[in-house]
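Secondary and tertiary structure notes
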Amino acid sequence: MVATKRASLTGMIYTALAIVGGLFFALVMLSFLVPACLSIIPAFGIASGASYLAVGQPATGRIFAAFRFTMTEALLSSTLAIAIGLPAAFLAARRDFPGRRALLALSGVPLCIPPMIIALAFVLFYGRQGYLNTFLMKYGNLTEPPVTFLYSLAGVVIAHGFYNFPVVLRTVSQVWERLPEAEEDAARLLGAGQLRIFRTITLPRLSGAILASSALVFLYCFFSFIIVLLFGGVGGTTLEVELYQAARSSFDFHLAGSIALVETACALGIVILYVYAQKKLSAGTAALAISRKRQRLSGLGEISGALLYFLFLLVFFIGPLVSILIRSFMQNGSGAFSGALRFGTGAWATLLGRAGFLPALGTTLVNGAAVALLSSCAALFFALARGKRGFSGLREGRSLSRIIPMAPLAVSSVVLGFGWTLLVPRGNILVLILAQSAMAWPFAWTQIQAALDRIPKSVHDASMMLSPGPLDRSFRVLIPLSYRGILSGAGFAFAISAGDASLPLVLSLTRFENISLMLFRLVGSYRFSEACACAVVLAVLSGAVFFLQDGETRPDKEHDL
Amino acid sequence: MPAEGMMTKSRLLSFFLILSFFISLSAVCASGKNDKPANASGTASNELVVYAYDSFTADWGPGPELVKRFEAKTGYKVTMISCGDAAQVLSRAVLEKKAPASDVLVGIDNNLIDTARKEDVLAPYKPATSSIVSKDLVLANDWLLTPYDWGYFAMIFDSASGITPPASLEDLTKPEYAKKIILMDPRTSTPGTGFLAWTLAVYGKNYTDYWTRLKGNILTMAPGWDTGYGLFTSGEAPLVISYTTSPAYHVENDKTDRYKALIFPEGHTAQIEGLGLVNGAKNPKAAKAFIDFMLTDEAQSVLPLTQWMYPVSKTIKLPDSYKAAPMASKTLTVPSADVAAAVDTVISILAK
């Protein structure tokens, strides 16, 4: 009697929570669809002003060249991100070593540090006067800087690849740590080499996670424009720049809308390709098993391999990051009129002493938390609703249910923001939270989906048998089992919101100040040391979000699921 | 397993509960804050809405101080909205043309004035004190825009780099400056457009040859002033395009005279920034009062150390750091339509 009462009470709570989740999802979807549709209307309207194409006939050819270059660059960049991310994912998933959590905590960094600072980081480290060249010239007795790849396609690809590999690392390592050992062990007993085991057993099972994360990286690089313009050669162009020029210099919103449409169509094409590949691959993968214990790094080969890899990371990834930290402590010596920059804490003192700093930090935290909550709830609802035995008609196999979460990635945030301003001319923080959630939830979704996918089939089957209904099953089995993915997704959404300076600007929020806007303003007003200090604050913020999350997990206790 | 499951679930729940608590708390605070100005302002006719670019409205920009002084003097309530950069200020006004939400646009410069006129977003207004603006700074004879500050574009040179500074635009094409010049993209940046206009003014129709010769010496074309100047102060190249007043900033704030503005004998192009009355403004009276106010010494004196540009009023005493900002001997001007047409040509030359 009591038991049934309690059961009905929890049932009601579950239903209520599911309705809230559904509302959140609907809210996030509307926040994306309505402004996105509004923003492309000018493309179909009557051209305002002089026809841009008549003035600049070379524009069409240039758009094509821009498209080709953007595709090449994005493809190479995401390939590099996978190549760097896989070893890191292996180490983080399968081996225990000091600094493992710190490595994972870097996941949010690429999302929250603005590309302008990333570019500056690479310049500080690899530039002609950068730390690496200064070091090599000093100890190699060279007169010319030896490292000069920065201003070329290689520079673009390396900057993109290294700054995005943590996305691959996080998504793939979550799956890798739960891969069943039995088949690998069997293959080993039958005499297969490590490489063969990896190629034939491990890699196919990771393919879903690799594909999902590389699609994210690809789209990120596809829309990147500061790094492409800065390093990609003088006179280079991207679709985003053409859009910029049409909307801002020529005030041709018709053309701008058309370019935005082309850009979105390209990105959607990529998403559809990804969905197709994902479907093909997932057909061949078996359900994944449970988490397993991590081994210590052992053996000369493994340790030296790992050391070599970390050295590589240190030079290419940590180096530029630390350069930002060092730059924040550099300033022109006060009083003395001299040439060299010297060490000093002045920039930090000024930044932390600003009256607006703490309120800005508060806004970033609250705004980020709200976006994290909204997007992870929406993503969780979607992931559960579309599941194999989910509680809605959206079946996993349907392509549409895979396109929906990726669609926001096909629209640049400036375009979405533009659509929002047509809806709400003078935005407020609620509009910002909705707009950012509309952009951020795909990232939350990839994390949650990866976590749900790795729940063993046996658990699925047992829960189907024993649970009174799909809601009960979701809340009592699936959510608890995938909570790490949910937290991880919330972390990504937080990082995206914390680092976003373009939506607050496009939405014209009055009296709004957060850390990323502060950074944007500092950089635009000669205050580079202070801007670097501000970027460090952002990086620490998102790093802390991931660090705290990972601290909550006790992987060695999870195996008794 | 059940214990573990319960634990993780409660952890997750508490995480989200704490989150929602903070959010609702802040939402309450935020709504409380928003209510106040709405109640205080009372009638809408008292409110003046100003669109400006971001560095104008920033804490260290002139916006906050100007608003304070203007409100104290006139009793109007100013809402200053940052739209990004100056081009975004204008594009916003163009998009809202049918139902203007602003009264004044700040930051429309000599490059944007033609577009502003063509799009018909501004109404001419000649302030009573217009005479303080010297003739060569007047942006339009009908006073579609009222200039408030200005500056020369110039190459800034890093004296710690050990190279010989160039003495003219032509010098910039010399092989010794190979990969030593940072420019900004004329499609996306004001100094980028300013430099392009400069080459047009000096070389006329031969500007394409000049760019062909210059091409190899450009290290990169940064998408914006911030990135380009950031590269320059990081020591990536010893020459960058900026304003003659840039060294004054470094003297005032960094206490260094390491960075020098180079004056070229052929003359320099300038950027003149203006503000204007929005066509169909809800509160034209307040808007006109604000435009008048911008020409008073009270407002003009705020500009040198916040905008790092020259005030249009000659009676303002410049700070000592402005001794580091040299004056050009000659001011060059080019019709902005010519500049716009040249952008594509130059990009094509560079892309080859």
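Residues numbered from 1 in each chain as written. Chains lettered and ligands numbered in written order. Predicted model: local features only at pLDDT ≥ 70, side-chain atom pairs only at ≥ 80, totals over all residues. Heavy atoms only, no water.

1. Section: the overall build of chain B
Regarding its fold elements, chain B presents 13 helices and twelve strands. Across the 352 residues that make up chain B, the buried fraction comes to 59%. For chain B, the share of sequence-separated contacts (at least 6 apart) that also reach a separation of at least 24 residues comes to 77%. Total accessible area on chain B is roughly 13,700 Å²; 58% of this is exposed by carbon and sulfur atoms. (Helix = DSSP H or I, 4+ residues; strand = E, 2+ residues; numbered from the N terminus. Buried < 20%, exposed > 50% of the residue type's maximum accessible area, 1.4 Å probe, protein only. Contact = heavy atoms within 4.5 Å. Areas by Shrake-Rupley, 256 points an atom, 1.4 Å probe, with all protein chains shown as cover.)

2. Things to note about the overall build of chain A
Looking only at helices and strands, chain A features 25 helices and four strands. Counting every position in chain A, which comprises 561 residues, the buried fraction comes to 58%. Contacts in chain A between residues far apart in sequence, at least 24 positions, make up 78% of those at least 6 positions apart. Summed over all atoms, the accessible surface of chain A reaches about 22,200 Å², with 71% contributed by carbon and sulfur.

3. Regarding the packing of aromatic side chains
Counted under the stated rule, the structure contains 47 aromatic pairs over all chains. On the numbers, 6.0 Å between centres and 80° between planes, the contact of Phe195(B) with Trp198(B) is edge-to-face. You can see Phe195(B) and its partner Trp198(B) sitting in helix 6 (residues 190-203), three residues apart, about one turn around the helix. The class of Phe195(B) is buried, set by a relative accessible area of 2%. Over the ring of Phe547(A) we find Arg101(A); its NZ or CZ atom is 4.1 Å from the centre of that ring. (Phe/Tyr/Trp six-rings, centres within 6.5 Å; stacked < 30°, edge-to-face > 60°. Lys NZ or Arg CZ within 6 Å of the ring centre and 35° of its normal.)

4. Some words on the pattern of salt bridges
Summed over all chains, the structure comprises 17 salt bridges over all chains. A salt bridge links Glu96(B) to Arg92(B); its shortest N-O distance comes to 3.0 Å. Accessibility classification places Glu96(B) together with Arg92(B) in one group, the buried group. Note that Asp171(B) and Lys174(B) form a salt bridge whose closest N and O atoms lie 3.5 Å from each other. Classification of Asp171(B) as buried rests on a relative accessible area of 16%. Put simply, Glu513(A), Arg521(A) and Asp54(B) are held in one network by salt bridges that share partners. (Salt bridge = Lys/Arg side-chain N within 4 Å of Asp/Glu carboxyl O.)

5. Here we look at the domain arrangement of chain B
Residue and element names in this part refer to chain B. If you check the domain split of chain B, you get domain 1 (25-149 + 271-317) and domain 2 (151-269 + 326-351). Listed as interface residues are nine residues of domain 1 and, on the opposing side, 16 residues of domain 2. Of the roughly 1,100 Å² buried where domain 1 meets domain 2, counting both sides, 55% is carbon and sulfur surface. It is Gln271, Trp308 and Tyr310 in domain 1 that bury the most area against domain 2; as a group they hold 60% of the surface buried on that side. Counting across the interface, domain 1 meets domain 2 through zero salt bridges. Counting across the interface, domain 1 meets domain 2 through four residue pairs in polar contact (both at pLDDT 80 or more). Considered class by class, the residues forming the side of domain 1 that touches domain 2 number four nonpolar, three polar and two charged. (Domains from an automatic or database assignment. Buried area = accessible area lost by both parts, 1.4 Å probe. Polar contact = N/O pair within 3.5 Å; in protein donor to acceptor, adjacent residues only side chain to side chain. Nonpolar A, V, L, I, M, F, W, Y, C, P; charged D, E, K, R; others polar.)

6. Digging into helix 10 (residues 194-223) of chain A
The terminal C-alpha atoms of helix 10 of chain A, which comprises 30 residues, lie only 38 Å apart, well short of the 44 Å expected from a rise of 1.5 Å per residue. The sharpest bend along helix 10 of chain A comes to roughly 50°, located at Leu203(A), with the proline Pro204(A) sitting one to four residues further on. (Expected span 1.5 Å × (residues − 1). Bend = angle between axes of the 7 residues up to and from the residue.)

7. A look at the side chain of Ser77(A)
Residue and element names in this part refer to chain A. Residue position: Ser77 is located in helix 3 (residues 58-94). Ser77 gets classed as buried once you look at its relative accessible area, which sits at 0%. The contact partners of Ser77, leaving out residues within four places of it in the chain, are Val156, Val157, His160, Gly161 and Cys221.

8. Observations concerning the confidence of the model for chain B
Residues and elements named next belong to chain B. Looking at chain B as a whole, the pLDDT averages 86, with 88% of positions reaching at least 70. Here residues 1-9 is modelled with pLDDT under 50, and outside its nearest four sequence neighbours on either side it reaches eleven contacts, counting other chains as well. A low-confidence stretch, residues 31-43 stays under pLDDT 50, and its non-local contacts, those more than four residues away or across chains, total one contact. Interface predicted TM-score (ipTM) for the complex: 0.78; the corresponding pTM is 0.81. (pLDDT = per-residue confidence, 0-100.)

9. Points about a nonpolar patch on the surface
Residues and elements named next belong to chain A. Residues Leu30, Leu33, Val34 and Leu423 make up a contiguous nonpolar surface patch of about 320 Å² in total accessible area. The dominant element in the nonpolar patch, judged by the number of residues it contributes, is helix 1 (residues 2-44), at three residues. You can see Val34 is positioned in helix 1. (Patch = residues over 30% accessible without salt bridge, like charges linked within 9 Å, V, L, I, M, F, W, Y side chains within 5 Å.)

10. Focus: the pairing of strand 10 (residues 268-278) of chain B
Residue and element names in this part refer to chain B. In terms of residue burial, strand 10 counts as a mostly covered element, since eleven of its eleven residues are buried. Bridge count for strand 3 (residues 104-109) against strand 10 is five bridges, and the pairing is antiparallel. Each bridged residue has a counterpart across the sheet, and for Ile108 the counterpart in strand 10 is Gly274. As paired elements, strand 4 (residues 122-123) and strand 10 share two bridges and run antiparallel to each other. By the bridge assignment, Leu122 is partnered in strand 10 with Val278. Bridge count between strand 5 (residues 146-158) and strand 10: six bridges; the pairing is antiparallel. In the sheet register, Thr146 faces strand 10, and the bridge partner there is Leu275. (Pairing = 2+ DSSP bridges.)

11. Structural notes on the nonpolar core
Nonpolar side chains tend to gather and get buried jointly when the protein is soluble and globular. By size, the foremost hydrophobic cluster in this structure holds 286 residues, and its most contacted members are Phe122(A), Phe231(A), Leu105(B), Leu172(B), Phe195(B), Trp211(B) and Phe290(B). Sort the elements by how many residues they give to this core and helix 19 (residues 429-453) of chain A lands first, with 15 residues. Built from parts of two domains, this core gets at least three residues from each of domain 1 (25-149 + 271-317) and domain 2 (151-269 + 326-351) of chain B. When sequence neighbours within four positions are dropped, the list of residues in contact with Trp211(B) reads Leu183(B), Phe195(B), Leu196(B), Thr199(B), Ile218(B), Val346(B), Ile349(B) and Leu350(B). (Core = buried A, V, L, I, M, F, W, Y, C linked by side-chain atoms within 4.5 Å.)

12. Thoughts on the packing of helix 6 of chain B against helix 7 (residues 207-214) of chain B
Residues and elements named next belong to chain B. Relative orientation of the contacting elements helix 6 and helix 7 amounts to 125°, with a least axis distance of 9 Å. Considered as vectors, helix 6 and helix 7 are oriented oblique to each other. For the pair helix 6 and helix 7, the crossing hand works out as right-handed. Across the interface between the two elements, Phe195, Leu196, Thr199, Leu200 and Tyr203 from helix 6 touch Tyr207, Tyr210, Trp211, Arg213 and Leu214 from helix 7. When grouped by side-chain class, the residues that make up the contact of helix 6 with helix 7 number eight nonpolar, one polar and one charged. (Axes fitted to C-alpha atoms, helices over the stretch in contact; angles between N-to-C directions. Parallel < 35°, antiparallel > 145°, perpendicular 65-115°, else oblique. Left-handed = near helix turned anticlockwise from the far one by under 90°.)

13. Topic: the environment of Asn141(B)
All names here are of chain B. Among the structural elements, Asn141 can be located in the loop between strand 4 and strand 5. For Asn141, a relative accessible area of 79% corresponds to the exposed category. Residues Asn141 and Pro124 lie 17 residues apart in sequence; the distance between their C-alpha atoms is 9.4 Å.

14. What to know about the packing of helix 3 (residues 63-74) of chain B against helix 10 (residues 284-294) of chain B
Residue and element names in this part refer to chain B. Where helix 3 contacts helix 10, the axes come no closer than 11 Å and their chain directions differ by 120°. If you check the angle between helix 3 and helix 10, you find them oblique. Between helix 3 and helix 10 lies a crossing whose hand is right-handed. Taken together, the residues of helix 10 that come into contact with helix 3 (itself represented by Leu66, Arg69, Phe70 and Lys73) are Ala286, Ala289, Phe290, Phe293 and Met294. Looking at the contact of helix 3 with helix 10, its residues break down into seven nonpolar, no polar and two charged.

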